[in-house]
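So the chains spell out like this:
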Amino acid sequence: MLDFIFFDAGIRERFVDYLKSLLLACTVRDDHFGWVVAVPEAQLTDALMHELEATYDTLLDEQMRLTEQQADGLKRHVAGFHVDLPDGQTSMVAVAPEIASRLMAHFTLDEIHALFAAVARSALQPDNDPICKM
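Residues numbered from 1 in each chain as written. Predicted model: local features only at pLDDT ≥ 70, side-chain atom pairs only at ≥ 80, totals over all residues. Heavy atoms only, no water.

So, about the packing of helix H3 (residues 97–106) against helix H4 (residues 109–124). At their nearest, the axes of H3 and H4 sit 8 Å apart, and the two run at 120 degrees to each other. It follows that H3 is oblique to H4 by the angle criterion. The chirality of how H3 crosses H4 is right-handed. Between H3, through Leu-103, Met-104 and His-106, and H4, the contact on the second element is made entirely by Leu-109, Glu-111, Ile-112 and Phe-116. Its residues assigned to classes, the contact of H3 with H4 shows 5 nonpolar, 1 polar and 1 charged. (Axes fitted to C-alpha atoms, helices over the stretch in contact; angles between N-to-C directions. Helix = DSSP H or I, 4+ residues; strand = E, 2+ residues; numbered from the N terminus. Parallel < 35°, antiparallel > 145°, perpendicular 65-115°, else oblique. Left-handed = near helix turned anticlockwise from the far one by under 90°. Contact = heavy atoms within 4.5 Å. Nonpolar A, V, L, I, M, F, W, Y, C, P; charged D, E, K, R; others polar.)

Below is the structure:
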């Protein structure tokens, strides 16, 4: 599953409508961070995945502008990255916005995803062998 998180219900619904226009299946669930739209990766080509990510980025920019316009908007800034767990599940890792910005400035999303997956794998399936043997 490819998860997209939203903090505004209207923007989330626009993304769901966009997926429907592409004839893509998705599920929507509440998450303690916001609303998650999950898209099965099996139905996605690389080109389509990049298109979805570009659309999602555009909607996130709009979501950020809406949040900043609200009186308490700057107090609510949050950031997160998806991580693939060793058992196949995905999870969202909350990250301070300043750290997320620094990561995004220096790494691609694929590199950040790989980093978080490696940390999750090491934390959940520890290997105490010396690092030079890996």
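After that view of the structure, there is still more to cover.
The next point concerns unusual backbone geometry. The phi dihedral of Leu-23 is positive, around 60 degrees, even though this residue is not glycine. Along the chain, Leu-23 turns up in the loop between helix H1 (9–21) and strand E2 (27–30).

Turning our eyes to something else, we now look at the nonpolar core. Phe-4, Phe-6, Phe-15, Leu-19, Leu-44 and Leu-52 are the most contacted members of the largest nonpolar core, which totals 20 residues. Every element with two or more residues in this core is listed here: strand E1 (2–6), H1, strand E3 (35–39) and helix H2 (46–69). Leave out the neighbours within four places in its chain, and Leu-19 touches Leu-24, Cys-26, Val-37, Val-39 and Leu-52. In terms of nonpolar packing, the next biggest core, distinct from the first, is built from 8 residues, Phe-81, Val-83, Leu-103 and Ala-120 among them. (Core = buried A, V, L, I, M, F, W, Y, C linked by side-chain atoms within 4.5 Å. Buried < 20%, exposed > 50% of the residue type's maximum accessible area, 1.4 Å probe, protein only.)

Per the counting criterion, the structure on display carries 6 aromatic pairs. Note on Phe-4 and Tyr-56: the rings are 5.0 Å apart at their centroids and 65 degrees apart in plane angle, and the pair reads as edge-to-face. Of the two residues, Phe-4 sits in strand E1 while Tyr-56 sits in helix H2, which places them 52 residues apart along the sequence. A single burial state applies to Phe-4 and to Tyr-56, both of which are buried. (Phe/Tyr/Trp six-rings, centres within 6.5 Å; stacked < 30°, edge-to-face > 60°.)

Okay, the sheet that holds E3 next. Taken in spatial order, the 3 strands line up as E1-E3-E2 in an open sheet, and their pairing is antiparallel. Every interior strand has two partners, whereas the edge strands, E1 and E2, have only one. Direction aside, neighbouring strands of the sheet carry axes that sit 25 degrees apart on average. Of the pairings in the sheet, the one linking E1 to E3 comprises 5 bridges and is antiparallel in character. Directly across from Leu-2, in E3, lies its bridge partner Val-39. (Pairing = 2+ DSSP bridges.)

In regions of low pLDDT, the predicted coordinates are not meant to be interpreted in detail. Chain-level pLDDT for the chain is 82 on average; 88% of the residues reach the 70-or-more range. Within the chain, the lowest mean pLDDT, 75, falls on strand E4 (residues 79–84), and the highest, 94, falls on H1. (pLDDT = per-residue confidence, 0-100.)

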